[in-house]
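Examination of the molecular architecture
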Amino acid sequence: MTGRTVADPAADCTDPVIRDLVSAAHAAISSRYVLARHQIAAALLDADGRLHIGLHLDAMVGRASVCAEAGALSAARLATGAELLAIAAVRYPKPTEPAVARIVPPCGLCRELLLDHAPGLTVVVHDGTGAVLEPLAGLLPHKYVGTKWPADLTTRT
């Protein structure tokens, strides 16, 4: 939407799963970026090989904002009950920043939310040398576990 060329960070990804996730998130945010409205898109892979896309929705009241990862999770759950395997998020640069999109990890709130719904989920992160898949649980080693539902979601009725 900006008319600006921003390189796809998937170009440097050698792993095909990572490349597909990052490329899908980049394509989504490249086509939908609006300053102060949409800056991040996420792509979530399910066990059936489908990708589900979410778009960051900023709001005038910050607490009303919705992260791209939450949008992708919602889209996935509307489309399928399949296991969720991996997620990637890409941040589009503001006009005042260098024209470089980058892979970003989920925020703390999204880490909690994603682990509630997909305990085995992996996430694409940049480890300083390149994009890698890591267990999301490793990014949130002390996950809150409440009593709303069983910790193992497969035991729900």
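Presented here is a report on the structure given in the accompanying data block. All values derive from a computational prediction rather than experimental measurement. (Residues numbered from 1 in each chain as written. Predicted model: local features only at pLDDT ≥ 70, side-chain atom pairs only at ≥ 80, totals over all residues. Heavy atoms only, no water.)

**Here's the deal with the overall build of the chain**
Here is the rule: A run of H or I in DSSP becomes a helix once it reaches four residues, and a run of E becomes a strand once it reaches two; helices and strands are each numbered from the N terminus. Only protein chains enter the area calculation, which uses a 1.4 Å probe; residues under 20% of their type maximum are buried, those over 50% are exposed, and those in between are partly exposed. In what follows, a contact means two residues having at least one pair of non-hydrogen atoms within 4.5 Å.
Within the chain, the regular secondary structure consists of four helices and six strands. Taken from the N to the C terminus, the helices and strands of the chain come in the order α-β-β-α-β-β-α-β-β-α. Its C-alpha atoms put the chain at 50 × 40 × 30 Å along the principal axes. In the chain, buried positions account for 36% of the 157 residues. Contacts in the chain between residues at least 24 apart in sequence constitute 56% of all its contacts with a sequence separation of at least 6.

**Quick look at the side chain of His 56**
Residue position: His 56 is located in the loop between strand S2 (51–55) and helix H2 (68–79). On the accessibility criterion, His 56 (15% relative accessible area) is buried. In this view, His 56 contacts Arg 37, His 38, Gln 39, Ile 40, Val 66, Cys 67 and Ala 68; residues no more than four positions away in its chain are not counted.

**Focus on the pattern of salt bridges**
Cut-off, in case you're wondering: Salt bridges are identified by distance alone: a Lys or Arg side-chain nitrogen within 4 Å of an Asp or Glu carboxyl oxygen.
Using the criterion set out here, one finds five salt bridges in the structure. Residue Asp 48 pairs with Arg 50 through a salt bridge whose shortest N-O separation is 3.1 Å. On the basis of relative accessible area, Arg 50 is assigned to the partly exposed category, the value being 36%. The residue Asp 116 makes a salt bridge to Lys 143 at a minimum N-O spacing of 2.7 Å. Pair noted here: Asp 116 is in helix H3 (residues 108–117) and Lys 143 is in the segment after helix H4 (136–139), with a separation of 27 residues, a long-range link.

**Focus on the nonpolar core**
Nonpolar side chains in soluble globular proteins generally cluster together in the buried interior. Stated precisely, the cut-off is as follows: As used here, the term nonpolar core means buried Ala, Val, Leu, Ile, Met, Phe, Trp, Tyr and Cys residues forming a set that is joined through side-chain atoms within 4.5 Å.
In this structure, Leu 21, Val 22, Ile 29, Val 90 and Val 124 are the most contacted members of the largest nonpolar core, which totals 21 residues. Elements with a contribution of two residues or more to this core: helix H1 (16–32), strand S1 (40–46) and strand S3 (84–91). For this core, the element with the highest residue contribution is H1, accounting for seven residues.

**Let's talk about the pairing of S1**
Our working definition: In short, DSSP must find at least two bridges between two strands for them to pair.
With six of seven residues buried, S1 lies mostly within the body of the structure. Inspection of the sheet shows S1 paired to S3 by seven bridges, in the antiparallel sense. The partner of Ala 42 across the bridge, within S3, is Ala 89. As defined by bridge partners, S1 adjoins S2 across five bridges and the pair is classed as antiparallel. Looking across to S2, one finds that Leu 44 is bridged to His 52. The turn linking S1 back onto S2 is made up of four residues, and Gly 49 within it adopts a positive phi angle of 85°.

Bear in mind that shape data such as this cannot, by itself, settle questions of function.
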